[in-house]
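Close look at the chain arrangement
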Amino acid sequence: MSATITETDQQGIDTSRPVPDIRTALPGPEGQKVLDRDGAVTSPSLPRAYPLVPQRAHGSTMEDVDGNLFLDLNAGIAVNSTGHTHPAVVAAVKEQAEKLLHYSASDFYLPIYSEMCEALAQTLPIEGPTRVFLTNSGAEAVEGAIKLARYATGRQHLISFFGAFHGRTYGAVSLTASKAKYHKGFGPLLPGVHHVPYAFAEIDESGHRSHDEEATFTELERLFETEVAPSEVAAIFLEPVQGEGGYIIPPASWVQRLRALCDEHGILLVADEVQSGMGRTGKMWAIELADVQPDILISAKGLASGLPLGAFAARADLMETWGAGAHGSTYGGSPIPCAAGLATLRTIQEEGLLANATTVGEQLLTGLRELQAKHPEVITDVRGVGLMIGVEFRDAETAAEAQNQAFRRGLLVLDCGVRTIRMSPPLVFTADEASTALRVLGEALAALEA
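The rules we used
Residues numbered from 1 in each chain as written. Predicted model: local features only at pLDDT ≥ 70, side-chain atom pairs only at ≥ 80, totals over all residues. Heavy atoms only, no water. Axes fitted to C-alpha atoms, helices over the stretch in contact; angles between N-to-C directions. Helix = DSSP H or I, 4+ residues; strand = E, 2+ residues; numbered from the N terminus. Parallel < 35°, antiparallel > 145°, perpendicular 65-115°, else oblique. Left-handed = near helix turned anticlockwise from the far one by under 90°. Contact = heavy atoms within 4.5 Å. Nonpolar A, V, L, I, M, F, W, Y, C, P; charged D, E, K, R; others polar. Pairing = 2+ DSSP bridges. 1 Å grid on protein atoms, 1.4 Å probe; cavity = no way out; pocket = protein on both sides within 12 Å on 5 of 7 lines; lining within 4 Å. Points joined across faces, edges and corners; volume = space filled by probe spheres on them. Phe/Tyr/Trp six-rings, centres within 6.5 Å; stacked < 30°, edge-to-face > 60°. Buried < 20%, exposed > 50% of the residue type's maximum accessible area, 1.4 Å probe, protein only. Lys NZ or Arg CZ within 6 Å of the ring centre and 35° of its normal. Salt bridge = Lys/Arg side-chain N within 4 Å of Asp/Glu carboxyl O.

Right, let's talk about the packing of helix α3 (residues 87-97) against helix α10 (residues 335-350) for a bit. Here α3 crosses α10 at 150°, and the two axes come no closer than 8 Å. Between α3 and α10, the interaxial angle falls into the category roughly antiparallel. Here the hand of the crossing between α3 and α10 comes out right-handed. Where α3 approaches α10, its residues Ala-88, Val-89, Ala-92, Val-93, Gln-96 and Ala-97 are matched on the opposing element by Pro-335, Ile-336, Ala-339, Ala-340, Ala-343, Thr-344 and Thr-347. Residue composition of the contact of α3 with α10, by class: 10 nonpolar, 3 polar and no charged.

So, on to the sheet that holds strand β15 (residues 379-385). Read from one edge to the other, the open sheet built from 4 strands follows the order β15-β16-β19-β18, with strand pairing classed as antiparallel. Of all strands in the sheet, those with a lone pairing partner are β15 and β18 (414-416), marking the two edges. Neighbour to neighbour, the strand axes of the sheet diverge by 30° on average, direction disregarded. Here 6 bridges tie β15 to strand β16 (residues 388-393), and the two strands are oriented antiparallel to one another. Paired with Val-385 across the two strands is Met-388, which belongs to β16. Strands β15, β16 and β19 (420-423) of the sheet are contacted by helix α11 (residues 353-374), whose axis makes an angle of about 170° with β15.

With that settled, consider the packing of α11 against helix α13 (residues 431-449). In contact at an axis separation of 10 Å, α11 and α13 are set at 20° when each is read in the N-to-C sense. With respect to α13, the axis of α11 lies roughly parallel. Between α11 and α13 lies a crossing whose hand is right-handed. On α13, the residues touching Val-360, Gln-363, Leu-364, Gly-367, Leu-368 and Leu-371 of α11 are Ala-431, Ala-434, Ser-435, Leu-438, Leu-441, Gly-442 and Leu-445.

Below, the discussion takes up the environment of Val-233. Mapped onto the fold, Val-233 is located in strand β11 (residues 233-238). Note: C-alpha distance between Val-233 and Cys-262 (29 residues apart in sequence) is 9.4 Å. Filtering out sequence-adjacent residues up to four positions away, Val-233 remains in contact with Arg-155, His-157, Ile-159, Phe-224, Val-228 and Ile-267.

Put simply, the second largest pocket is a space of about 810 Å³. Lining the second largest pocket are 28 residues, with Ala-105, Tyr-113, Arg-131, Val-132 and Phe-133 positioned closest to its centre. Elements with a contribution of two residues or more to the lining of the second largest pocket: α4 (111-121) and β6 (130-135). If one sorts the elements of the lining of the second largest pocket by residue count, α4 sits on top with 6 residues. Classifying every residue of the lining of the second largest pocket by side-chain character gives 15 nonpolar, 9 polar and 4 charged.

Next up on the list: the packing of aromatic side chains. Applying the stated criterion across every chain yields a total of 10 aromatic pairs. An angle of 25° between the planes, with centres 4.4 Å apart, marks the rings of Tyr-50 and Phe-407 as stacked. Pair noted here: Tyr-50 is in the loop between α1 (29-41) and β3 (54-58) and Phe-407 is in helix α12 (residues 396-408), with a separation of 357 residues, a long-range link. Exposure class is identical for Tyr-50 and Phe-407. Each is buried. Aromatic side chains Phe-161 and Trp-254 sit 5.3 Å apart centroid to centroid with 55° between the ring planes, which places their arrangement in the tilted category. Taken together, the residues Phe-161 in strand β7 (residues 157-161) and Trp-254 in helix α8 (residues 252-265) connect sequence positions 93 residues apart. The buried category is assigned to Trp-254, whose relative accessible area is 0%. Each member of the aromatic cluster is reached from another via a ring pair, and the members are Phe-133, Tyr-151, Phe-312 and Trp-322. Over the ring of Phe-217 we find Arg-257, and its NZ or CZ is 4.0 Å from the ring centre.

Right, let's get into the pattern of salt bridges. Enumeration over the complete set of coordinates arrives at 22 salt bridges. One salt bridge in this structure joins Glu-63 and Arg-56, with 2.7 Å as the shortest N-O distance. For Glu-63, a relative accessible area of 7% corresponds to the buried category. Through salt bridges with shared partners, a single ionic network connects Arg-259, Asp-263, Asp-295, Arg-315 and Asp-317.

Before going further, it helps to spend a moment on the sheet that holds β11. Taken in spatial order, the 7 strands of this open sheet run β6-β14-β13-β12-β11-β7-β8, and their pairing is mixed. The open sheet has two edge strands with one neighbour each: β6 and β8 (193-196). Pairwise comparison of adjacent strand axes, ignoring direction, gives a mean angle of 20° for this sheet. Both β6 and strand β14 (residues 310-315) contribute to a ladder of 6 bridges, which runs antiparallel. Looking at β14, one finds that Thr-130 is bridged to Arg-315. Of the strands in this sheet, β6 and β14 touch α4, which is tilted by about 125° from β6.

Here it is, written out as structure tokens:
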């Protein structure tokens, strides 16, 4: 039986309808009008996955401009953490909008700015005093973390991982190494950036992933011997669960060895939790899964349930190395995103969304592994933690077609890595919705093999 949205889920959506419920071709006539206009005026650099044209949403339900209903396992790419249009978030936005839309926190003291920083600091997996800087996006937060790491250490070099995605601005894209197209035509990039293998980076002949923990550390040893002394490395940038690279979860021991290596050489460990943070893995921060503390932590995406808000936080002694004017942002930490961020943090706690992510995530993982057993020639791996789940296919073409078949049936998923589709639904995703998602994906896989 399909999951349905409840009578209290308004937003103009017909609550008597099942979800998903596709009633037109995709795109429909109204959607095609949007695609035609978009194709004439927007930058062709925007990488659209499929012709979804949303007009409103609530919870985990999305309605397009033609009235089709979709079950959303994307959450705006892990952004709408508390679900679409959560009443508490909407109310906070409306209340703040009636008071103050904007005044720059770089030059003046906005009460809600420090309130948001204080609330976020209370969640951080860093012992002792911390300080927080608010931004507009994840990429901007990465840029700030790069500046802080170099400033605080007096060192130049940075290390990231193959498969990493840290954003598309110049410093962030220099750290990124998930697809060559992100670098093509944009050089020279930021100097002093090096890449080494991430955990579970190898794929055997059958398509399954393997892990050689020594590969990372052997390459780091080679790097330190032949290219750059560890005493000149400012930071290692780590996604505690790799996102764009394929939703890859490293062993805790691997993360712990990185922490020990950083401690040995005075290198800062920067946790990029833009996609993996804010409860997505069932922990507030994914690095907690390894029982490791970073020196700097980066957040965005789910931080404000859909409004543009990012942050980088650090041990106070690091951020106190720089003074007024060393870094700033006109819009970062603007009042309305801060109001949404505060409501998001409260909602995650008050509604038990970390526990829900764990419980429903386990249900999805179990069901997906059953689908893998039924379709072993199509699915080569299922991995995940909480509501951060990757399904790897035998090749990129199969993954793309699985994504398309799911979309045609009203199930929204998105590819990542070379041949993986990710499932990152809102943290309010229910057991019934998970059952529906598994049924629809099963139908999509059957069509794929037909």
